[in-house]
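Coordinates in review
Below, each chain spelled out in residue letters.
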Amino acid sequence: MASLLLLLLLSFLPFPIISSTISIQTTKPYIVYMGSSWNFDHNARIDATIAESAHLQILSSIIPSQESERISLIHSYHHAFRGFCAMLTEDEASLLSDHVEVLSVFPDPKLQLHTTRSWDFLYSLSGIGSKLGHQHHHHHLSNDVIIGVIDTGIWPESPSFKDDHIGQIPSRWKGVCEEGSDFNKSNCNRKLIGARYYISGGSPRDALGHGTHCASIAAGAPVANASFYGLARGTARGGAPAARIASYNVCKGRNCSGSTVLKAIDDAIKDGVDIISVSLGLTSPTQPKFLEDPVAIGAFHAEERGVMVISSAGNQGPDAFTVSNTAPWILSVAASSIDRDFQSTVVLGNGRTIKGSAINFSNLSRSKMYPLVLGEDVAINNTLVSDARQCIPGSLDPEKASGKIIVCITSDPTIRTELAEAKGLILVAEILEVPHTSTGSFPFTEVRKNAEHMILNYIKSTKKPKATILPSVDVLGVRPSPVVAYFSSRGPGNLTENILKPDIMAPGQEILAAVIPTDNEVDGPDILNGKKPLKFGIKSGTSQACPHVSGAAALIKSVHPTWSSSIIRSALMTTAIIFNNNGKPLTNDSDYRANPHEMGVGEISPVRALDPGLVFETEVKDYLHFLCYYGYPKEKVRAMSKTKINCPENSNEELISSSINYPSISIGKLDQNKPAHTITRRVTNLGPANSSYYSTVYAPKGLQVKVYPEKLTFDEGKRRASFRVLFNGKKASKGYNFGNVIWSDGHHRVRVVFAVNVVSPNTLF
């Protein structure tokens, strides 16, 4: 061990000693990433003290002696990978980045926090009844799968985390249950087997509710008669209710630093989790490169160790190029709706009704009507009439609005004014604001733009127009469903368009799951008055979609414990659903056919994924080649995994789409004037030993797509096969063309989605 310490210290001696005359600069936290851990090929783990000593030695070589108090670490990474986080000046960070042992140095980024019916809906969409799905969960699942939830912590008292009927904790678990403020070791049990936190003076306890919600979606125990104050009533359960949960609290409020997330991933790998669920991500317009993204770095080393990482795609839709967590070794998840809505009806004075959507618990009824006015009629002054028509905050006169129901007409569904003096608010929008925010007892509803004519005609038809807004009720069986959520971030990825992102879609809109008792985010302004604290709440986002896929992955892992993370990823992607509950292609919130940049390969189907037929095994060497093709030098690629991999001499981004064995295909630039672009893929047969698969191509008009060979034959001695797909865009429409290749043996349908951007020479750059 002593010789290892000497090796670690000596490797950093080339640093120049900084002169004491250097000017004082502002310091801020930087992440220093140094690649694969020293113990990558050893069973023994490096002692934390040894690793920290080596990291402190680095700092002491660049920090002036008169500032020795700065020689301290915020985090030290040494389990699955090497590195640390420390306070540095810009010059010091630059010095470190030039060292041969350092792969990247970058400022510590701030990451954003990106169920009842949802699981039943997924089963029904797959053609499997909810009762059958429920039985499958309870009779075929092993409880040895461990999901690490990296988020805002957990509320251990929630009934979703009870450990009834769960066996002893797996002996391979090496994690801990850390005590903190208002959190004891006794808060952990056979369901919640581990809990860590990283903020000084903090606790594993969830103070926001986000982590609790996500954990219960992934692996919450069944809880009967759950609801949000009567709405969405049913049995709440996670996707893998028998799985274990390990919680890692990486946030202080909504402040989640990248360095802390990276530390949590390092710990989770060491602790022994099978799956890491990360509903966090960077949302800046320009995503950082892969070796400057803490989630991407941590996820790569998790994948090396056989741990699957699933992450949210972001909530910056519907614009293109907004998807986050786009590294190919991360399964990135878009969000969709389920077949449930919360309906709040408007009743006009003439007896006509208009169906609206909202979550409100108003005490209004049909028996009493209130004056109905347009926003511009209660403007605070003549200069703000146009703003008042849209109910822009500050444009309405509280005195004029008092006791009235106000109609706001806007193209922006996020604009909303709630005046205590007003009796209610009706928002008329082209696109309804979904997800809905609870307005508590304040009467509020949103109606479609086509209702505007009815409302205006009624107001003009009488001297004293009146209306009322009824409290929300559940509406089930909504069609079409699922629909791509308005907020869900879209592809293509802005780092490379040669990997299709997002990967897949899952329910993320208005999901009922466990929350903390004081979750004001879901309560609404005054809903708690006179009512018991809630145990379940409704939240929306790709944050909620991510744990749906984590739960589905845990389901698959429990049935097929030997399957690797890439096999599980492939099984989920090639069996995804592409038709809604009307039997028609999936759509987006604007009622247009959804494309793969919005939904990935489609909606998850957990049970179908249990028997995928063929799978695409993506190996670590594929990901290393990806980094080569992306442009990283071989020295850095080798250092990431301590391998002797060689980057091809002619590495370029085109090789990403053609050579990485990914379960989908994306070509960022297909030149119309060049020969056909060839994509190579290899598959492994997990179905019957003696079987033959035949290919069928579904491509848009003009795009020529050919598969060679057209038939794949497997027998007991042959489990793997390769095929090529040739794309020729000479006659295709410019821009993105979408389609798929389906391999079928008569029972299995293995669907490979493609996205091809056809360009002409004058549009290549």
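Here the structure is a predicted model, which means the values were calculated and not measured.

**Points about the pattern of salt bridges**
Here the structure, examined in full by the defined rule, presents 22 salt bridges. Between Arg-682 and Asp-622 there is a salt bridge, with its nearest N and O atoms 2.8 Å apart. You can see Arg-682 sitting in strand S32 (residues 677-685) and its partner Asp-622 sitting in helix H16 (residues 620-630), a full 60 residues away along the chain. Under the relative-accessibility criterion, Arg-682 is labelled partly exposed at 28%. What emerges from the salt-bridge pattern is a single network uniting Glu-178, Arg-196, Lys-270 and Asp-271.

**Considering the packing of aromatic side chains**
Going through the model one piece at a time under the given rule, you end up with 17 aromatic pairs. Measuring from centroid to centroid gives 5.0 Å for Phe-290 and Tyr-630, while their planes differ by 75°, and the two rings are edge-to-face. Of the two residues, Phe-290 is situated in the loop between strand S14 (280-281) and helix H8 (294-304) and Tyr-630 in helix H16; the sequence distance between them amounts to 340 residues. Exposure class is identical for Phe-290 and Tyr-630. Each is buried. The rings of Phe-290, Phe-300, Trp-329, Tyr-623, Phe-626, Tyr-630 and Tyr-632 are connected pair by pair, giving a single aromatic cluster. Directly above the aromatic system of Trp-155 lies the positively charged group of Arg-205, at a separation of 4.5 Å from the ring centroid.

**Focus: the sheet that holds strand S2 (residues 75-77)**
Pairing is antiparallel in the open sheet, where four strands are placed in the order S2-S3-S1-S4. Two strands bound the open sheet, and with one partner strand each, they are S2 and strand S4 (104-107). The mean angle between the axes of side-by-side strands here comes to 20°, regardless of whether they run parallel or antiparallel. Bridge count between S2 and strand S3 (residues 81-88): three bridges; the pairing is antiparallel. Looking at the pairing, Tyr-77 lines up with Gly-83 of S3. Of the strands in this sheet, strand S1 (28-36), S2 and S3 are in contact with helix H7 (residues 258-271), which crosses S2 at around 40°.

**Here's the deal with unusual backbone geometry**
With an omega dihedral of 0°, the bond running from Arg-479 to Pro-480 counts as a cis peptide bond. Within the element layout of this structure, Pro-480 appears in the loop between strand S24 (473-476) and strand S25 (483-484). Residues Tyr-708 and Pro-709 are joined by a peptide bond in cis, for which omega reads -10°. For Pro-709, the position within the fold is in the loop between strand S34 (704-708) and strand S35 (711-714). At Phe-321, a residue that is not glycine, the phi angle is positive and equals roughly 60°. Looking at where Phe-321 falls in the secondary structure, it is placed in the loop between strand S15 (308-312) and strand S16 (331-336). At Cys-391, a position not held by glycine, the phi torsion is positive, near 60°. When you line up the elements, Cys-391 lands in the loop between helix H9 (385-389) and helix H10 (398-401).

Conventions we followed
Residues numbered from 1 in each chain as written. Predicted model: local features only at pLDDT ≥ 70, side-chain atom pairs only at ≥ 80, totals over all residues. Heavy atoms only, no water. Salt bridge = Lys/Arg side-chain N within 4 Å of Asp/Glu carboxyl O. Helix = DSSP H or I, 4+ residues; strand = E, 2+ residues; numbered from the N terminus. Buried < 20%, exposed > 50% of the residue type's maximum accessible area, 1.4 Å probe, protein only. Phe/Tyr/Trp six-rings, centres within 6.5 Å; stacked < 30°, edge-to-face > 60°. Lys NZ or Arg CZ within 6 Å of the ring centre and 35° of its normal. Pairing = 2+ DSSP bridges. Axes fitted to C-alpha atoms, helices over the stretch in contact; angles between N-to-C directions. Contact = heavy atoms within 4.5 Å.

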